[in-house]
Amino acid sequence: MTATLTYSERRVGLALSVLLTLLGFAMAAAARQGVMSVHGFMALALGLGLAVRLGGALYDPPPPRERMQRYDDAPTRFGIAMTLVWAIIGMAAGVWVAALLYWPEATPPWPATSFGRLRPVHTTGIIFGFGGNALIATSFHVLQRSARARLADSVSPWVVLLGYNLFCAWAVTGYLMGSTQSKEYAEAAWYADLWLVVIWITYFALYLRTLARRAEPHIYVANWYYLAFILVVAMLHIVNNLALPVRLTTAESFPVWSGVQDAMVQWWYGHNAVAFFLTAGFLGMLYYFLPVRSGRPIWSYRLSIVSFWGITFFYIWVGSHHLHYTALPYWAQTLGMTFSIMLLVPSWASAGNAIATLNGAWHKVRDDATLRFMFVAAVFYGLSTFEGSFLAIRPVNSLSHYTDWTIGHVHSGTLGWVAMIVFGAIYTLVPQVSGRVDMASPRAVEWHFWLAVTGTLVYVIAMWNAGITQGLMWRTYDANGALSYSFLQSVQAMAPYYLLRTIGGAMFLAGAAICAWNCRATMRAAQGEARDRPLVAQPAE
Amino acid sequence: MLRLHYNLERVSMGLVAAIIVAASVGGIVEIAPLFTIDETVEMPADLRPLTPLELAGRGIYIREGCYACHSQMVRSLADEIDRYGPYSLAGESAYDHPMLWGSKRTGPDLARLGSKYSDAWHVAHLLNPRAMVPASIMPAYPWLTETLDTGLLSDSLAALARLGVPYAPEMIAAAEADALAQSRPDSDAAEGFLARYGERPALRSFDADPSRLTELDALVAYLQSLGTQTDAPFGILTERSQ
């Protein structure tokens, strides 16, 4: 980290680390006890650690002069490492809570390991830890390559990555200690939310400043998606997390929204977290790494424009399909359903565009597990967006909602699409930024691929069965007009599916562990820096 | 069109502005009208806010992530009404910051739970669900026997009052005392509690041990309050069936 920073950048970094230390100290001192003080100490420890590291290296030799003619890949490497760390944490938590549903007696008698506290550790660990780090790390890579310019400065990428990971760590440790806003995928405490806003603004500014230095007149389509991801997530995050702290010295707060408005804001956020966190950013990844890996240009430029604007415009409307038949006004439900169905058009246009790009490169898909990851991702993207539109139809939703079908749907998206495209990107990127042609163990990539695909299928099929069974058992009447099954009978019917789901998840986790090991081995056997070079920087705008 | 886009791609701020516009329309159209609250939420005249003890219980419900397995939203579908009771009305959760409608039913809906079971059943069930329901997969919560921390209650009520929940200043001032009083019907403080909250909230020791105010007291008080803050949903159902 320090070796690529100039003297003055190290000083700026040192100053920021001291600021972080002071912030942590202030939090810990003000709160005195409880979650917020622990979080204060975490910030303090990170700030101190960074200060020591930067301070110690303050007068080390500066980076070579030609540094500016290289891409800044050190933050990307760190981001990938964090992606894999969070993948293991998040997936392990997921497999564990899945196992608890089959074997509830296994819950240890400690509050921190209870199902309800670990579940958000799983969702936050995966969405923000794994997904978010992957997005930030790849966005730095894609932005520099497609703009043919080095990142605008060398300090802010570290601020973004370290600050973002502090947010994730605050969130996850907070849940373990019982601090949560209870809003799904927005559980972190109010001060963590504010912190994320600061980090996000730094990220956005870095993105725009780098774009301003680009040597290509056009902004490549992948960047449109990353931009939409950054912008819309900021909007969603701020509106949904507006809250009134009980005291400035505690983690507790109350959201300003209540009841039906809160439900609408929450699912406007919740579904667009899927849209702009778990879809837009990853489409950006797809639009860059798929053509790079397959050696073929995107099939249709026009289609990519249509699908980009279609996704950006339509998605925002669909959140209310989470609230069919509830106390939300009927017209809002209907809008959500209608737009969910229309959304299929740009979604399938994207999936189709990706698959058509591979046309003519099928032999590569056959031989190259990395490209196969991306192909499977595009297929699952198409499948799960179809399923999503289908589940948003009101009568279908009456059966599927509240059941494990929803869980199956989410995982066909997250395992089948999001994780697969991340792994495809990682296997393309890690050798490149290690100055190598290939991963340390190409065979391990093959193993990972089959574990991931089998695990996903086992998981998703188990949950489809579980959900449809549940939905039907809840609504079946006998000849006398009484409900046929007690709720408990529907719980008992789930046992085999919950076991299968745990097995599927464990396979997926095993694959991720192989990937982490393989990436570590590859980075350790690095043969220098990435070989590609930016064009000499010249302002384009 | 293509020409226009060709140019748009060259101007980063143009792209940024276009993204913001495209991604704002839907939210504005769907969310803004919900704040014309009179039409969206018919406020039941008899809706009461939670007592401090119930509010503390709600905090524990949130802390333990009960909402991850339990919904509190009966949909307007025949089988749900038959299974759980009258469907939920928007007004019922008008004081809920945040709402706890939930999204998954690993366990049953709890919107109409109040008075369904005895306090003793809840206590035994929370401490070990399989003692009451052998096939249950709900986790056990043995640590709920801890003493309840009431230190934040006054500030919590004050914050909620600022957000529009009708807590009077004397309720805010007496929040801690009222939490204790609600579990000690025989104490002198019970008078004050009754004066402030009336006869409707349950006034008893929920965990059968009036000497100590525990997290169980709070959580069970909250569970027993579910669906009892207003009678409006029951009224609608009887109207319909007549």
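Everything numeric here is computed off the predicted structure, so don't read it as measured data.

K.L.:
It is not clear to me how the environment of Gln470(A) should be interpreted in this structure. Could you clarify?
P.N.:
Take Gln470(A): it is sitting in helix H16 (residues 442–475). Residues Gln470(A) and Thr456(A), 14 residues apart in the sequence, show an inter-C-alpha distance of 21 Å. For Gln470(A), the contacting residues outside a window of four places in its chain are Thr403(A), Asp404(A), Met494(A), Tyr498(A), Lys104(B) and Arg105(B). Reaching out from Gln470(A), the side chain makes a polar contact with the backbone nitrogen of Asp404(A) at a distance of 2.9 Å.

K.L.:
Just to check I follow, could you spell out the pattern of salt bridges for this structure?
P.N.:
When their charged atoms lie close together, side chains carrying opposite charge are able to pair. Applying the stated criterion across every chain, the model contains 26 salt bridges over all chains. A salt bridge links Arg150(A) to Asp72(A), with the shortest nitrogen-to-oxygen separation between them at 3.8 Å. With Arg150(A) in the loop between helix H4 (115–147) and helix H5 (156–176) and Asp72(A) in the loop between helix H2 (35–56) and helix H3 (74–102), this pair connects stretches of sequence that are 78 residues apart. Considered together, Arg150(A) and Asp72(A) belong to a single accessibility category, that of buried residues. The shortest N-O distance in the salt bridge between Arg75(B) and Glu80(B) comes to 2.9 Å. This pair shows no difference in class: Arg75(B) is buried, exactly as Glu80(B) is. Among the charged side chains, a network of salt bridges with common partners joins Arg117(A), Arg63(B), Glu64(B) and Glu215(B).

K.L.:
Please explain the UniProt feature "transmembrane region" (unreviewed entry) in chain B as it appears in this structure.
P.N.:
Per the UniProt record, the feature "transmembrane region" (unreviewed entry) sits at residues 12–35 of chain B. The distance from the first to the last C-alpha atom of residues 12–35 of chain B is 35 Å, and the span holds 83% helix and 0% strand.

K.L.:
Is there a simple way to think about the domain arrangement of chain B in this case?
P.N.:
Accessible area lost during the coming together of the parts is what is often quoted as the interface size. Partitioning chain B into domains gives domain 1 (2–40) and domain 2 (52–241). Taking the mean C-alpha position of each, domain 1 of chain B and domain 2 of chain B sit 40 Å from one another.

K.L.:
So what exactly am I meant to see when it comes to the UniProt feature "domain: Cytochrome c" (unreviewed entry) in chain B here?
P.N.:
In this numbering, the UniProt entry assigns the feature "domain: Cytochrome c" (unreviewed entry) to residues 52–227 of chain B. Counted over residues 52–227 of chain B, helix gives 43% and strand 0%. Its end C-alpha atoms are 17 Å apart.

K.L.:
Can you help me understand the side chain of Ser114(A) in this one?
P.N.:
Note on placement: Ser114(A) falls in the loop between H3 and H4. With a relative accessible area of 0%, Ser114(A) lands in the buried category. The contact partners of Ser114(A), leaving out residues within four places of it in the chain, are Thr107(A), Glu64(B), Pro139(B), Tyr141(B) and Trp143(B).

K.L.:
Is there a simple way to explain unusual backbone geometry in this structure?
P.N.:
Comment: phi is negative for the bulk of residues other than glycine, and the bulk of peptide bonds are trans. Cis geometry is found at the peptide bond from His97(B) to Pro98(B), where omega equals -5°. Summarising the element assignment, Pro98(B) is placed in the loop between helix H5 (78–84) and helix H6 (119–127). In this structure, Ser182(A) is a non-glycine residue whose phi angle is positive, near 70°. Inspection of the secondary structure puts Ser182(A) in the loop between H5 and helix H6 (190–212). A residue is classified by how much of its surface remains accessible, and Ser182(A), at 7% relative accessible area, is buried. Residues other than glycine seldom take positive phi values, yet Tyr402(A) does so here, at roughly 70°. Inspection of the secondary structure puts Tyr402(A) in the loop between helix H14 (394–400) and helix H15 (404–433). Relative accessible area serves as the criterion here: at 1%, Tyr402(A) is assigned to the buried category.

K.L.:
How should I be thinking about the packing of aromatic side chains in this particular structure?
P.N.:
Two measures describe an aromatic ring pair: the distance that separates the ring centres and the angle between the ring planes. Counted according to the given criterion, the structure contains 43 aromatic pairs over all chains. Between the aromatic rings of Tyr164(A) and Phe167(A), the centroid separation amounts to 6.3 Å while the plane-to-plane angle is 35°, which identifies the pairing as tilted. With Tyr164(A) and Phe167(A) both in helix H5 and three residues apart, this pair spans about one turn of that helix. Accessibility expressed as a relative area gives 1% for Tyr164(A), which makes it buried. Following the ring pairs from residue to residue traces out a cluster consisting of Phe128(A), Phe140(A), Tyr164(A), Phe167(A), Trp200(A), Tyr203(A), Tyr207(A), Tyr226(A), Phe229(A) and Phe277(A). Stacked on the ring of Tyr330(A), the Lys or Arg Arg394(A) has its end atom at 3.9 Å from the ring centre. Just above the ring of Tyr402(A) sits the side chain of Arg105(B); from NZ or CZ to the centre is 3.8 Å.

K.L.:
Would you mind going over the packing of helix H8 (residues 259–294) of chain A against H15(A) with me for this structure?
P.N.:
All names here are of chain A. Between H8 and H15, whose axes approach to 10 Å, the crossing angle comes to 45°. Comparing their axes, H15 and H8 come out oblique. Classified by chirality, the crossing of H15 by H8 is left-handed. Two secondary-structure elements touch here, H8 through Leu278, Thr279, Phe282, Leu283, Met285, Leu286, Phe289, Val292 and Arg293 and H15 through Thr414, Trp417, Val418, Ile421, Val422, Ala425, Tyr427, Thr428 and Leu429.

K.L.:
Sorry, what's going on with the UniProt feature "domain: Cytochrome oxidase subunit I profile" (unreviewed entry) in chain A here?
P.N.:
UniProt marks residues 14–511 of chain A with the feature "domain: Cytochrome oxidase subunit I profile" (unreviewed entry), using the numbering shown here. For the annotated span residues 14–511 of chain A, helix accounts for 74% and strand for 1% of the residues, and the straight-line distance between the end C-alpha atoms is 38 Å.

K.L.:
Can you walk me through the environment of Leu451(A) in this structure?
P.N.:
By secondary structure assignment, the location of Leu451(A) is in helix H16. What Leu451(A) contacts, discounting residues up to four positions off in sequence, is Met507(A), Phe508(A), Ala510(A), Gly511(A) and Ile514(A).

K.L.:
Even after reading the chapter, I still don't get the UniProt feature "binding site: Cu cation" (unreviewed entry) in chain A, so can you show me in this structure?
P.N.:
All names here are of chain A. When the UniProt feature table is mapped to this numbering, "binding site: Cu cation" (unreviewed entry) covers His271, His321 and His322. Maximum C-alpha separation among the annotated residues is 9.0 Å over a sequence range of 52 residues, consistent with a single clustered spot. Mapped onto the elements of the fold, His321 is located in the loop between helix H9 (301–315) and helix H10 (330–342). For His321, a relative accessible area of 9% gives the class buried. Other than its neighbours up to four places away in sequence, His321 contacts His271, Gly336, Ser340, Ala392 and Asn397. A distance of 3.5 Å separates a polar atom in the side chain of His321 from a polar atom in the side chain of His322.

Reading the values: rules and limits
Residues numbered from 1 in each chain as written. Chains lettered and ligands numbered in written order. Predicted model: local features only at pLDDT ≥ 70, side-chain atom pairs only at ≥ 80, totals over all residues. Heavy atoms only, no water. Helix = DSSP H or I, 4+ residues; strand = E, 2+ residues; numbered from the N terminus. Contact = heavy atoms within 4.5 Å. Polar contact = N/O pair within 3.5 Å; in protein donor to acceptor, adjacent residues only side chain to side chain. Salt bridge = Lys/Arg side-chain N within 4 Å of Asp/Glu carboxyl O. Buried < 20%, exposed > 50% of the residue type's maximum accessible area, 1.4 Å probe, protein only. UniProt positions renumbered as here; feature names shortened; annotations may be inferred. Domains from an automatic or database assignment. Phe/Tyr/Trp six-rings, centres within 6.5 Å; stacked < 30°, edge-to-face > 60°. Lys NZ or Arg CZ within 6 Å of the ring centre and 35° of its normal. Axes fitted to C-alpha atoms, helices over the stretch in contact; angles between N-to-C directions. Parallel < 35°, antiparallel > 145°, perpendicular 65-115°, else oblique. Left-handed = near helix turned anticlockwise from the far one by under 90°.

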